[in-house]
Amino acid sequence: MPDTGKKILIIDGHSILNRAFYGLPDLTNYEGLHTNAVLGFLNIIFKIIDEENPTNVCVAFDVKQPTFRHLVYKEYKGTRKPMPDELREQVPLIKEVLTAMNVTIVEKGGYEADDIIGTLSRVADSAGYKVVIVSGDRDLLQLATDNILVRIPKTKAGGTTIENYYADDVKDLYGVTPVQFIDMKGLMGDTSDNIPGVPGIGEKTASKIIQQWGSVAGALEHIDEIKPPKAQKNLAEFSEQAIMSRELAAIKLDCELDFKLEDTKYENAFNDSSYNIFKRLEFKSLLKKFDNKQTVSELKPDITVVNSTADFAYIEDAAKKSEAVGVYVAHSDDMMLGIAVACDSKNVYLINCSSGIDPDEAVKFIYDLKNAGIIICMEDLKSALKYVDFHECDTNVLDIGVAAYLLNPMEDSYDYDDVAKEYLGNILPSEKELIGKDELNIFTFISDNFLEVFSYKAVVPLLAKDIVMDKLAKEGMLELYNKVELPTVYTLYDMEKRGIRVDKAELEEYSKKLEKRIQELHDSIIGYAGKEFNINSPKQLGPILFEDMGIPGGKKTKTGYSTSVDVLEKVKNEHPIIGDILEYRQLTKLNSTYAVGLVNYISDDGRIHGTFNQTITATGRISSTEPNLQNIPMKLELGRLIRKAFIPKEGYIFVDADYSQVELRVLAHLSGDEVMKNAFLNNVDIHATTASEVFEVPIDEVTSLQRRHAKAVNFGIVYGISAFGLSEDLGISRKEASDFIAKYYDTYKSIKAYLDEQVAHAKEKGYVTTMFGRIRPIPELKSSNFMQRSFGERVAMNSPIQGTAADIIKIAMVRVNMKLKELGLKSQLILQIHDELLIEAAEDEVDIVKKLLVDEMMHAADMTVPLEVGVASGNNWYEAK
DNA sequence: CGGGTCACG
DNA sequence: ACGTACGTGACCCGG
């Protein structure tokens, strides 16, 4: 056979697309086109192309048309489920992509892709090509020879691994040759293609029979010698079906191909048209393969470094013409280095404060623009406030990142590249791609890559402004944006700047106590276990508990034994080690995350200045990082003691206010359920009342167990209840749980109706909204996956409730902060914990602060049930709760 | 860097 | 039959 030095890659199109679709999470581009299968497909074939370096590539697809197999057996592939729509729409898309890449697509009426692949593999082999077949389908293994390689990619979590089969590998795995593999299928059948085979013969038996007799025909010749007896009987009875099944399973090697091998030459895959389509599909990682095109876009403005205030007038003129500017404040850790100002898509001016221009002058220039009524557009307003002193009243200062978050709160980030992609249809290199881990300082400041980043950070918000704001208006979120989200930016900034005072010595002392006890527990646990090991490693702990020590409690996770609290609680009485481990866990958590962890965040001013994020959660809540000040221990006394280390400054005390049952009140209002509304209007114990209603006992006869159960149901309702979840939580049977739920819905009929309505609305529109118009998209409801869809339904029930509560506290938070400032009080808002506000209040202002807090929080929303606020004060956070 | 665990609302 | 409560973030382990 001539070695031509050529190698052809033959790809099983539908099979790989299918694998990719189920291997990747749902992805969509800005048009809402589903793209996960296409991306996965390309990742797989590029990986293989990189490994194989083929000279020729082609992709075979089935044509939706009966083949000879349907004539042989009309039920062929009869049981196959239709493709989900999200996958179906990607079939033309991948063909479009392959065409753009000059990759040959082969398909032919009357033939399946398998037959084309089979034929082509033989033709190419004879013509002296090396042949590599790529499919997700093991049927194709029958095509393997010593020269023809079949590769089967597996998309596992983390990456793609590929199994490789020459003829010998098939033999090693199945004990039969590739051709005998066909005979095996004749006996065992194939459920996915609805090939019947012989009843009662599976993979094991089929393999044995074929190994012994070589083929279906051979086996039939020796029908009397077939073992086991059951197989013999069935094979005799279904011999014709076996012969037919073999015929169905055999891939044809002699189709007529109406194209030449040379047509499949792989060249010029990375051209203008494939570039454009990758861009449209937002395959950013693939765009890097275009080496001379890189990812430079038409949106790369010129950046002019301005070193003299004399040039300000020029910029101001340009700004006045466009009536809006994009502004980015460039700074190092704590020094402003310059301000980038974009007046149009082509020109960005960088006011250089690292030499020459006084930062105060630069900032003043920005104030002048703002005061002239020019709209200031920023990527991230909060992070600029340290240097430019804008205020809540500056209605012409916009945060485009926050606006983009409102339009779709499900994105991971709202950086310039995200906004450009979503709203300008432009793929820009990310900040990370341009500058990686390089540090911005006075020396790196004027370098090309940093300048490019600055220019994007200034120009993108400007260009996206109209699009984003129009869309906000169209979606009915303009008021939410202006009245709630924008002021929230300032409030969060204020809280970050103020920080919270923490008593370092107190934390260290607390840590010492913990460590002493941790050591005791450690020694005790190791003593029980009989050997030294890392208690913090579930991987080591699991086997020691459940194998070495023989404590009952089976596997739970993919990686091994679950050793979580609920598992350990169940076996607490089996061995004293369990109790020690639970206490050890609790104490090490308190020590590492809180006692030791928090000390690392205390600044020179003795305070912790965390970060509040406004664009993270899908529901509209705020999140807190570095450190997370929204999850300081509270539930258990030992942990709660940590709060004694959070203290007000001299002459101040803490005033803490929190909403009572805000989410259930929101639910009562939104659903209009009279029964629950009345409960709140009468200001009764809601969980006891629920218990009384659901269990049909007088309120004063409700047992604590009944109340606990009712409370769990109330929580469950807010979370988008499932009988399973409730039963897990309460440790009751699923039947009991679903009975509770049924009784609950019977009591609160309008709540049931409301929740159903939310799900229906979400299914129709694709999203739900809060009382203030905040949107939560729920793409999961369209999923073909049951689990995902169920999740979507729970989200549809939960989000309007959690989201409305989030809106309410934001409104209260903003008003409280502004009011305190307006009144010129010394007291300051310093923390928000979802339904709670913490104020560092001057001693002489405590009364007015309490009144103000309660007043603003109670009246933050106009609802048909009252909002109740609890308020407390103390000399530390422990006392004030 | 993902999974397990656990802290909060 | 599927495998679950909703929303977060930090720490630790181990590949």
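Everything numeric here is computed off the predicted structure, so don't read it as measured data.

Draft legend 1. Molecular detail of the UniProt feature "domain: DNA-directed DNA polymerase family A palm" (unreviewed entry) in chain A. Using the residue numbers shown here, the UniProt feature "domain: DNA-directed DNA polymerase family A palm" (unreviewed entry) corresponds to residues 639–845. What you have in residues 639–845 is 58% helix and 13% strand, and the ends, taken at the C-alpha atoms, are 30 Å apart.

Draft legend 2. Quick look at a nonpolar patch on the surface. On the surface, a nonpolar cluster with roughly 340 Å² of combined accessible area is contributed by Met335, Ile442 and Phe443. Position of phenylalanine 443 among the secondary structure elements: in the loop between helix 20 (431–435) and helix 21 (448–474). We classify phenylalanine 443 as exposed; its relative accessible area is 75%.

Draft legend 3. Region of interest: the sheet that holds strand 10 (residues 347–352). Taken in spatial order, the 6 strands make up an open sheet running 7-10-9-8-11-12, and their pairing is mixed. Strands with a single pairing partner mark the edges of an open sheet, and in this sheet they are strand 7 (302–306) and strand 12 (397–399). With direction set aside, neighbouring strand axes in the sheet form an average angle of 25°. Pairing between strand 9 (residues 336–342) and strand 10: 5 bridges, direction antiparallel. Within the sheet, the bridge partner assigned to glycine 338 lies in strand 10 and is asparagine 352. Relative to strand 12, helix 18 (residues 400–407) is tilted by about 50°, and along the sheet it contacts strand 11 (375–378) and strand 12.

Draft legend 4. Examining the protein's contact with DNA strand C more closely. If you check the shell around DNA strand C, you find 35 residues, and the closest are Asn534, Ser537, Lys539, Ser623 and Glu626. For DNA strand C, the backbone makes up 59% of the atoms found within 4 Å of the protein, where backbone means sugar plus phosphate. For DNA strand C, a phosphate oxygen lies 2.5 Å from a polar atom in the side chain of serine 537. If one sorts the elements of the surface near DNA strand C by residue count, helix 35 (residues 786–822) sits on top with 7 residues. Its residues assigned to classes, the surface near DNA strand C shows 11 nonpolar, 16 polar and 8 charged.

Draft legend 5. Geometry of the packing of aromatic side chains. With the rule as written, the count across this model stands at 18 aromatic pairs. Here tyrosine 314 and tyrosine 349 contribute two aromatic rings whose centre-to-centre distance is 6.0 Å and whose plane-to-plane angle is 80°, an arrangement assigned as edge-to-face. Taken as a pair, tyrosine 314 in helix 15 (residues 312–322) and tyrosine 349 in strand 10 lie far apart in primary sequence, 35 residues in all. With relative accessibility at 56%, the residue tyrosine 314 sits in the exposed group. Taking the centre distance of 5.2 Å and the plane angle of 80° together, the rings of phenylalanine 695 and phenylalanine 740 count as edge-to-face. Of this pair, phenylalanine 695 sits in the loop between helix 30 (686–694) and helix 31 (704–719) while phenylalanine 740 is found in helix 33 (residues 734–747), placing the two residues 45 residues apart along the sequence. Chaining the aromatic ring pairs together yields one cluster made of Tyr328, Phe445, Phe450 and Phe454. Positioned above the aromatic ring of phenylalanine 68, the side-chain terminus of lysine 252 is 5.0 Å from the ring centre. When the ring centre of tyrosine 878 is taken as origin, the NZ or CZ atom of lysine 644, which lies over that ring, is 4.4 Å away.

Draft legend 6. Local environment of the environment of lysine 763. Topologically, lysine 763 is positioned in helix 34 (residues 749–765). On a C-alpha basis, the gap between lysine 763 and alanine 796 in space is 8.9 Å, while along the polypeptide they are 33 residues apart. If sequence neighbours within four positions are ignored, lysine 763 has contacts with Leu781 and Glu793.

Draft legend 7. Broad picture of the domain arrangement of chain A. One can read the domain layout of chain A as domain 1 (6–174 + 251–264), domain 2 (302–475), domain 3 (503–601) and domain 4 (671–789). On a C-alpha basis, the centroid separation for the pair domain 1 and domain 2 is 47 Å.

Draft legend 8. View of the environment of alanine 100. Secondary-structure assignment places alanine 100 in helix 5 (residues 90–100). The buried category is assigned to alanine 100, whose relative accessible area is 12%. Each C-alpha atom of the pair alanine 100 and methionine 797 lies 44 Å from the other, and the pair is 697 residues apart in sequence. When residues no more than four places from it in sequence are discounted, the contact partners of alanine 100 are Ala269, Asn271, Ser273, Ser274 and Ile277.

Definitions and limits used
- Within each chain, residue numbers correspond to sequence positions counted from 1 in written order.
- Both sets of labels track the order of writing: A upward for chains, 1 upward for ligands.
- In keeping with the predicted nature of the model, local features appear solely for residues at pLDDT of at least 70, side-chain atom pairs appear and are counted solely at 80 or more, and the whole-chain, interface and lining totals rest on all residues.
- Excluding hydrogens and water, the side-chain figures rest on all heavy atoms present in the structure.
- UniProt positions are given in the numbering used here, feature names are shortened, and annotations may be inferred rather than shown by experiment.
- Starting at the N terminus, helices and strands are each numbered in turn, a helix being any DSSP run of H or I of at least four residues and a strand any DSSP run of E of at least two.
- A patch is a set of surface residues, each over 30% in relative accessible area and not in a salt bridge, joined within 9 Å for like charges and within 5 Å for the nonpolar side chains Val, Leu, Ile, Met, Phe, Trp and Tyr.
- Values of accessible area rely on a 1.4 Å probe in the Shrake-Rupley scheme; residue burial ignores everything except the protein chains shown.
- We count a salt bridge whenever a side-chain nitrogen from Lys or Arg sits within 4 Å of a carboxyl oxygen from Asp or Glu.
- In this scheme, a residue with accessible area under 20% of its type's maximum is buried, one over 50% is exposed, and one in between is partly exposed, where area comes from a 1.4 Å probe on protein chains only.
- Two strands are counted as paired when DSSP detects at least two bridges linking them.
- In this analysis an axis means a line fitted to C-alpha atoms, helices contributing only their contacting stretch, and an angle means the value between N-to-C directions, from 0 to 180 degrees.
- It only takes one pair of heavy atoms within 4.5 Å for two residues to be counted as in contact.
- We call a residue near a molecule or strand when any one of its heavy atoms sits within 4 Å of it.
- In protein, a polar contact means a hydrogen-donor-capable atom and an acceptor-capable atom, both N or O and within 3.5 Å, with residues adjacent in sequence counting only if both atoms are side-chain atoms; elsewhere, any N or O pair within 3.5 Å suffices.
- Classification used: nonpolar for Ala, Val, Leu, Ile, Met, Phe, Trp, Tyr, Cys and Pro, charged for Asp, Glu, Lys and Arg, polar for all others including Gly.
- The pairing test for Phe, Tyr and Trp rings, Trp by its six-membered ring, is centres within 6.5 Å, and the orientation test on the planes gives stacked under 30 degrees, edge-to-face over 60, and tilted for anything in between.
- In this analysis the charged atom, NZ for Lys or CZ for Arg, is taken to sit over a ring once it is within 6 Å of the ring centre and within 35 degrees of the ring normal.
- Residue ranges assigned to the domains are those given by an automatic or database domain assignment.

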